[in-house]
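Working through the structure, step by step
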Amino acid sequence: MSATIIRNGRVIDPANKRDEIVDLAIVDGRIAQRSEISGQKSEVEEIDAKGLIVAPGLIDMHVHLREPGSSHKETIASGARAAAAGGFTTIVCMPNTSPPADNPSTIAWIKDRAAETGCVNVLPSGAISKDLAGEELAPIGSLEEAGVVAITDDGHCVQNHELMRRAVEYARMFGLPVLDHCQDYNLVGNGVVHEGYWSTLLGLAGWPAAGEEAIVLRNILLAELCDHRIHCQHISAAGSVRLLREARTRGVKISGEVCPHHIALTDEAIQNFDTNFKINPPLRSQRDVDALLEGIADGTLSILASDHAPHADFEKEVEFDVAPFGVVGLETELGIFIDLLVHKHGKIDIGRLIEMHTIEPARLLRIEAGTLSSGAVADVTLIDPNLEWAVKTDTFQSASRNSPFDGWKLRGRAVQTIVSGKTVWKL
Amino acid sequence: MNVRSPDMNRRWNRKDLLGLRELSADEINFILETADAFKQVGTREIKKVPALRGKTLVNFFVEPSTRTRTSFELAASRLSADVINISASTSSLTKGETLKDTAKVLEANHADIIVLRHSSAGAPQFLAQRLKSSVINAGDGAHEHPTQGLLDLYTIREKREKIDNLNVVIVGDILFSRVARSNIFGLLKLGARVTLVGPSTLAPREFEKLGVSISHKIDNVLPDADVVNLLRIQHERQRKEYFPSIGEYTQLFGLTKERAKLLKPDCLIMHPGPINRGVEIDSEVADGLQSVILDQVTNGLAVRMAVLYLCGGIATP
């Protein structure tokens, strides 16, 4: 029997509408009643959480771990360590690996690898279409049996609306949520940056906001048609927020997620052709950033996620057109969100931020996580919302360094991460 | 001419020429003034000066070009530099070497000046940030072609004796044109008014934010123009979604003989080449009295000598 008591922390558990200064007990890897500890004979580990927030372990439902196939960028082990250092106890990895996670044996491999080497909970997602090619359905039923928590072609987008409709309709019988990377290939073409002032000035091919909005609208229509959940990943454009707001008001099973870079940066950041600002969908205008912030404030955008996308230095250190899209995010995500959403812009309070990183994704994915209910698995994140720190990419746990936030000074971060009652990371 | 004067040190301190957007009006004027001296050299019996003797220039053309590469090669030879030409097909880029590694190899071979032509916007910035050698942008994607912009400015200044307050009309595929962007940046800095003309797909409204006017009716802007700069129009490759046909383009935007009659007699007609006769410009107009197309080529040599001389003097490999 092992026991831990986290003393004097501010316990915020949005699923149970709790926000109080109280001790939190953990017995044998599960959240326990305070009284269960008193009877303990063996030694009780004490954690002093005075001045800290004690939150359910945070969930990031949009992460690329690159294994199998690209372990020079990241492994399940290094990605899980990065997650732990960022305060995340559960991450959902995307299927665009090599081979892609479009078959049950790759899912089984990922789960085994995660069990052996991952210090946090790694939940795989499976592909919508075979080889992420958007042409025929992946074996969605077998993927579900193998244990995927969602399906998505992330990094790609099913262009054929009929195929997408059938995927959503088919996933419905398993209750499996469909996540979508919203990008209309015809409208976006070879676009590499937001189509606007900076693309015009720099002569870089534009990626118009309409290229995202068209697919968000498609997804709203299909969620209605099939009466099943579609979740729009990494929303970047003002028009997408407007479409989602209207649809959610009508009760459509549609949701949207925001990444830190899309609220922290605008397309102005690309002016020196630094490929650490080359992201898909691209950094957009201030008007788009403002709309995302409003969407977070009014609940239109309900999920926060990193789209952690590691790439090796030598892959990013090339011509802008040629460089791969994406930035690492796990280790800066919470700091960016607390600093910008809570401190600087005051768009939401810390309770809502924790809710968006815990029970919101847990409910969407229908997983047992994201609460501090008695008896729940003791995944806990200790957060110092006022700790001032500087981002240093050379101290990252991730195997990659492609962050747009190197040197940024942030206020607020995770200081200790506990998975199933065991501390996996401590500042 | 190979001794740097105090005036020169004060007015030019860049090892690279990446674009006209980052230059001040004074820096642009200084290049044009320096080019005056080199233009005069071109009229002498012995056209060579020792300004870059002992320096090595690499013409690194990842995207094909004949006229720009030849112009740089001639400019470098006249400055007594040693010149090496490398094209995409002869470089290790085709063997999978990265641009950075190829450039580092050039630097390790003591290349003082690298003239880069590349299909990706920002490629010269990428090299300049990583090399001690001078990097001269000879055209990067749809971004900038600063020496073309400078030779256009030089030609206007030479023929019209000023640039300030002139009405300059640029016609054609603006969206994908690095020549248009360098012209816009340079002309605005020197006080010209710029009007872009082309189909709304290739001269989109977003350009207004750069400080220019846009028109889709060429006949309306020709009568007030002091300079008309025609860009080469392409339809064969990826422009099929942008306008229906070459025929319709010519009908709406071509500088035909009839349209040329709308021009003021002293209006200059320019074209960066290569010309599509009968498409963006009628043959007679291209060869007419108002055309300064060949002056542009001659001036290109003087301007490139000035740029190599100024930047090459700063580089310390």
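In this text, all values refer to a predicted model and were calculated from it rather than measured experimentally. (Residues numbered from 1 in each chain as written. Chains lettered and ligands numbered in written order. Predicted model: local features only at pLDDT ≥ 70, side-chain atom pairs only at ≥ 80, totals over all residues. Heavy atoms only, no water.)

**Concerning the overall build of chain A**
Counted only if it meets this: Secondary structure elements follow DSSP: runs of H or I of four or more residues count as helices, runs of E of two or more count as strands, with numbering from the N terminus. As defined in this context, the radius of gyration uses C-alpha atoms, and a globule is described by 2.2 Å times the residue total to the power 0.38. When accessible area is computed with a 1.4 Å probe and restricted to protein chains, residues below 20% of their type maximum are described as buried, those above 50% as exposed, and intermediate ones as partly exposed. Two residues qualify as a contact provided that any one of their heavy atoms is within 4.5 Å of a heavy atom in the partner residue. Per-residue and other accessible areas were derived by the Shrake-Rupley procedure at a 1.4 Å probe size, with only the shown protein chains allowed to occlude residues. Positive charge is attributed to Lys and Arg, negative charge to Asp and Glu, and no charge count is given to His or to the chain ends. All charge positions are set by atom: Lys at NZ, Arg at CZ, Asp at CG, Glu at CD.
Along chain A, the regular secondary structure elements total 15 helices and 17 strands. Whereas a compact globule of 427 residues would reach a radius of gyration of roughly 22 Å, chain A reaches 21 Å, a difference of no more than 12%. Projecting the C-alpha coordinates of chain A onto the three principal axes gives extents of approximately 65 × 45 × 45 Å. A buried classification covers 63% of the 427 residues belonging to chain A. Residue pairs at least 24 apart in sequence account for 76% of intrachain contacts in chain A once pairs closer than 6 positions are excluded. Summed over its atoms, the accessible surface of chain A is roughly 15,400 Å², and 47% of this surface lies on carbon and sulfur atoms. Taken as two groups, the 40 positive and 59 negative side-chain charges of chain A have centres that lie 5 Å from each other.

**Looking at the overall build of chain B**
The helix and strand inventory of chain B stands at twelve helices and nine strands. Across the 317 residues in chain B, those meeting the buried criterion constitute 57%. Counted over contacts in chain B with a minimum sequence separation of 6, partners at least 24 positions apart contribute 73%. When the accessible surface of chain B is summed, it comes to about 13,100 Å², and 50% of that surface belongs to carbon and sulfur atoms. For chain B, the distance from the average site of its 42 positive side-chain charges to the average site of its 37 negative ones is 3 Å.

**Brief notes about the pairing of strand β2 (residues 82-87) of chain B**
One face of the sheet, then the other: side chains in a regular strand alternate in exactly this way. Just so we agree on the cut-off: Any two strands between which DSSP finds at least two bridges are classified as paired.
Bridge analysis of strand β1 (residues 56-61) of chain B against β2 of chain B gives six bridges, and the strand direction is parallel. Each bridged residue has a counterpart across the sheet, and for N59 of chain B the counterpart in β2 of chain B is N85 of chain B.

**Some words on the pattern of salt bridges**
All names here are of chain B. To keep it simple, the criterion reads: Whenever a carboxyl oxygen of Asp or Glu lies within 4 Å of a side-chain nitrogen of Lys or Arg, that contact is scored as a salt bridge.
The full count for this structure, using the stated rule, is 40 salt bridges over all chains. For the salt bridge of E33 with R11, the shortest nitrogen-to-oxygen distance reads 3.0 Å. Highlighted residues: E33 in helix α2 (residues 25-41) and R11 in helix α1 (residues 6-11), separated in sequence by 22 residues. One salt bridge in this structure joins D295 and K159, with 3.0 Å as the shortest N-O distance. Of this pair, D295 sits in helix α12 (residues 293-314) while K159 sits in helix α6 (residues 146-160), placing them 136 residues apart in sequence. For D295, a relative accessible area of 26% translates into the label partly exposed. When its relative accessible area of 36% is taken as the criterion, K159 is described as partly exposed.

**Considerations on the packing of aromatic side chains**
Spelled out, the test is: Here is the rule: rings of Phe, Tyr and Trp (six-membered ring for Trp) pair when centre to centre is within 6.5 Å. Planes less than 30 degrees apart are stacked, more than 60 are edge-to-face, and the remainder are tilted. Should the NZ of a Lys or the CZ of an Arg lie within 6 Å of a ring centre and within 35 degrees of the ring normal, that charge is described as sitting over the ring.
One pass over the full model with this rule turns up seven aromatic pairs over all chains. Here the guanidinium or amino end of R130 of chain B rests over the ring plane of F126 of chain B, the centre of that ring lying 3.9 Å away.

**Comments concerning the sheet that holds β2 of chain B**
The pairing of strands in a sheet happens through backbone hydrogen bonds and is either parallel or antiparallel. Residue and element names in this part refer to chain B. The condition that has to hold: In this description, a line fitted to the C-alpha atoms serves as the axis of each element, helices being fitted only across the stretch in contact, and the angle between N-to-C directions of two axes falls anywhere from 0 to 180 degrees.
Across the sheet, four strands lie side by side as β2-β1-β3-β4; this open sheet has parallel pairing. The outermost strands of the open sheet, each flanked by one partner alone, are β2 and β4 (134-140). Pairwise comparison of adjacent strand axes, ignoring direction, gives a mean angle of 15° for this sheet.

**What to know about the interface of chain B and chain A**
Convention followed: Take the accessible area each of two parts loses on contact, using a 1.4 Å probe, and add the two losses: that sum is the buried area. The classification used treats Ala, Val, Leu, Ile, Met, Phe, Trp, Tyr, Cys and Pro as nonpolar, Asp, Glu, Lys and Arg as charged, and all other residues, Gly among them, as polar.
Taken together, the contact between chain B and chain A spans 22 residues of the former and 18 residues of the latter. Across the interface of chain B and chain A, roughly 1,600 Å² is buried in total on both sides, 59% from carbon and sulfur atoms. By the criterion of area lost to chain A, the three top residues of chain B are R21, A121 and E206 of chain B, representing 27% of everything that side buries. Our count for the chain B to chain A interface comes out at two salt bridges. In this structure, E317 of chain A engages K100 of chain B in a salt bridge whose closest nitrogen and oxygen atoms are separated by 3.3 Å. Of all the elements in the fold, those that place two or more residues in the side of chain B that touches chain A are α4 (99-108), α5 (123-128) and α7 (178-189) of chain B. At three residues, the largest contribution of residues to the side of chain B that touches chain A is made by α5 of chain B. Here the residues of the side of chain B that touches chain A are counted per class, giving eight nonpolar, eight polar and six charged.

**Overview of the packing of helix α8 (residues 210-226) of chain A against helix α9 (residues 238-249) of chain A**
Residues and elements named next belong to chain A. For the record, the criterion: An angle below 35 degrees is treated as roughly parallel, one above 145 as roughly antiparallel, one from 65 to 115 as roughly perpendicular, and anything else as oblique. In a left-handed crossing the near helix is turned counterclockwise from the far helix by less than a right angle, and in a right-handed crossing that turn is clockwise.
With their axes 8 Å apart at the nearest point, α8 and α9 run at an angle of 15° to one another. Viewed along their axes, α8 and α9 adopt a mutual orientation that is roughly parallel. At the point where α8 passes α9, the crossing takes the right-handed sense. Residue-level contacts link E212, E213, V216, L217 and I220 of α8 to A238, G239, S240, L243, L244 and A247 of α9.

**Considering the confidence of the model for chain B**
Stated precisely, the cut-off is as follows: pLDDT: the predictor's confidence for each residue, scored from 0 to 100.
The pLDDT averaged across chain B works out to 92; a share of 95% of its residues lies at or above 70. At the level of chain-chain contacts, confidence expressed as ipTM amounts to 0.93, with global pTM at 0.95.

**Side note on unusual backbone geometry**
Omega for the peptide link from S98 of chain A to P99 of chain A comes to 5°, which places this bond in the cis form. You can see P99 of chain A is positioned in the loop between β7 (88-93) and α3 (104-117). With omega at -10°, the peptide bond leading from G273 of chain B into P274 of chain B counts as cis. Here P274 of chain B shows up in the loop between β9 (268-270) and α11 (283-286). Positive phi values are uncommon outside glycine, yet K17 of chain A reaches one of about 50°. Overall, the relative accessible area of 79% leaves K17 of chain A in the exposed class. Not every positive phi belongs to a glycine, and S420 of chain A is a case in point at roughly 50°. Take S420 of chain A: it is sitting in the loop between β16 (409-419) and β17 (422-426).

**Describing the layout of surface pockets**
Rules: Two kinds of site are reported from a 1 Å grid over the protein atoms alone, namely cavities, where a 1.4 Å probe fits but cannot get out, and pockets, open sets with protein on both sides within 12 Å along at least five of seven lines, and residues are called lining when an atom falls within 4 Å of a point. Grid points are joined across faces, edges and corners, and a volume is the space filled by probe spheres set on the points.
Its boundaries defined by the atoms lining it, the second largest pocket holds a volume of some 510 Å³. Residues of the lining of the second largest pocket, tallied by class, amount to six nonpolar, 17 polar and four charged.

**Re the nonpolar core**
Residue and element names in this part refer to chain B. Here is the rule: Nonpolar cores were defined as sets of buried Ala, Val, Leu, Ile, Met, Phe, Trp, Tyr and Cys residues, with membership established by side-chain atoms within 4.5 Å.
Grouped together as the largest cluster of nonpolar side chains are 166 residues, with contacts concentrated most on L150, I170 and L308. Among the elements that take part in this core, α12 stands out by supplying ten residues, more than any other. If you look at the next biggest cluster of nonpolar residues, it comprises 24 residues, including V197, V228, L230 and F243.

**A look at α8 of chain A**
All names here are of chain A. Worth spelling out the cut-off: Here a helix's expected span is defined as the number of its residues, less one, multiplied by 1.5 Å.
Across its 17 residues, α8 extends 24 Å between first and last C-alpha, which sits within 8% of the 24 Å expected from 1.5 Å per residue. Along α8, the positions that sit buried rather than exposed are G211, E212, E213, I215, V216, R218, N219, I220, L222, A223 and C226. Following α8 by one or two positions, D227 adopts a phi angle in the positive range, close to 50°.

**Here we look at the sheet that holds strand β8 (residues 121-124) of chain A**
Residue and element names in this part refer to chain A. In spatial order, the strands read β6-β7-β8; together these three strands make up an open sheet with parallel pairing. Two strands bound the open sheet, and with one partner strand each, they are β6 (58-63) and β8. Looking at each pair of strands side by side, their axes are set apart by 20° on average, direction ignored. Taken together, the four bridges between β6 and β7 define a ladder with parallel strand orientation. Of the residues in β7, the one forming a bridge with V63 is C93. Most of the contacts of helix α2 (residues 76-86) go to β7, to which it runs at about 135°, and overall it touches β7 and β8.

**A closer look at empty space enclosed by the protein**
Residues and elements named next belong to chain A. Taken as a whole and judged by the stated rule, the model has one cavity of 30 Å³ or more. The volume enclosed by the largest cavity comes to roughly 40 Å³. Considering the residues around the largest cavity, the lining is formed by A85, G86, L330, E331, T332, L334, G335, W389, R413 and A414. At the level of secondary structure, the elements contributing two or more residues to the lining of the largest cavity comprise α2, α13 (333-344) and β16. Of the residues belonging to the lining of the largest cavity, the class tally is five nonpolar, three polar and two charged.

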